[in-house]
Amino acid sequence: DMLDPERLIQCPLVKNHWIRARRFPYHLVKCKESNPEIAKKLATCPFNARHLVPWADLSDHIMKCNDKAFMEQDVVSRSCEPLQVNNGSTWQAPPCDEDWETELLEGSESNFVW
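An unreviewed UniProt entry lists the protein under the name GTSF1 factor, with Dryoscopus gambensis as the source organism.

Structure, rendered in structure tokens:
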């Protein structure tokens, strides 16, 4: 099951690393830091940062990536939604009755008490 957080996934950097799906993103970060020479040879998929493929295979991966469909579907669904400029709220700020300039000229000597 692809959604099972306990399933094992093979690390794209070090093939003998098998990691549980729920820990896989954390492992990738650490494994990239521990293996910078291998990491330089791999490109990150623009649709899923968990997909690391050799640079030479990146364009082929992009064409076939399963997560591309989710991204395209999200873009299409967002473009079909009407743009909401006003969320329907009729609230307006109340008028301000304060006039600081007049109060300053009148020289109000009242002390502020907290």
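Before going further, it helps to examine the UniProt feature "domain: CHHC U11-48K-type" (unreviewed entry) in the protein. Taking the UniProt record as the reference, the feature "domain: CHHC U11-48K-type" (unreviewed entry) is found at residues 8-35 and 42-69. Span residues 8-35 is 39% helix and 21% strand, its end C-alpha atoms 21 Å apart. Its end C-alpha atoms 22 Å apart, residues 42-69 is made of 39% helix and 21% strand.

Mapped onto the fold, H27 is located in helix α1 (residues 24-34). Setting aside its immediate chain neighbours within four residues, H27 contacts C11, H17 and I19.

As a further point, take the nonpolar core. Nonpolar side chains in soluble globular proteins tend to end up buried together. Counting residues in hydrophobic clusters, the biggest one holds 12 residues: I9, C11, L13, V14, I19, A21, F24, L28, C31, A39, L42 and L52. Looking at which element gives the most residues to this core, the answer is α1, with 3 residues. Not counting chain neighbours up to four residues away, the residues in contact with I19 comprise R7, L8, I9, C11, F24 and H27.

For α1, the complete set of buried residues consists of F24, H27, L28 and C31. The buried residues of α1 occupy an angular sector of 105° when projected down its axis, which confines them to one face. Across α1 from its buried face, at more than 90 degrees, point the exposed residues K30 and E33. Where α1 is buried, its residues contact β1 (8-10), β2 (18-20) and β4 (52-54).

The next thing to look at is the pattern of salt bridges. Within this structure, the stated rule accounts for 4 salt bridges. Across the pair R22 and E6 runs a salt bridge whose closest N-O atoms are separated by 2.7 Å. In this pair, R22 is assigned in the loop between β2 and α1 and E6 in the segment before β1, connecting sequence segments 16 residues apart. Using a relative accessible area of 46% as the deciding quantity, one classes R22 as partly exposed. E37 is the partner of K40 in a salt bridge, and the nearest nitrogen-oxygen pair spans 3.2 Å. Here E37 and K40 lie together in helix α2 (residues 36-40), a separation of 3 residues that amounts to about one turn. The same class applies to K40 and to E37, which are both exposed. Taken together, the shared-partner salt bridges in this structure form one network comprising E6, R20 and R22.

Conventions used here
Residues numbered from 1 in each chain as written. Predicted model: local features only at pLDDT ≥ 70, side-chain atom pairs only at ≥ 80, totals over all residues. Heavy atoms only, no water. UniProt positions renumbered as here; feature names shortened; annotations may be inferred. Helix = DSSP H or I, 4+ residues; strand = E, 2+ residues; numbered from the N terminus. Contact = heavy atoms within 4.5 Å. Core = buried A, V, L, I, M, F, W, Y, C linked by side-chain atoms within 4.5 Å. Buried < 20%, exposed > 50% of the residue type's maximum accessible area, 1.4 Å probe, protein only. Arc of directions from axis to C-beta. Salt bridge = Lys/Arg side-chain N within 4 Å of Asp/Glu carboxyl O.

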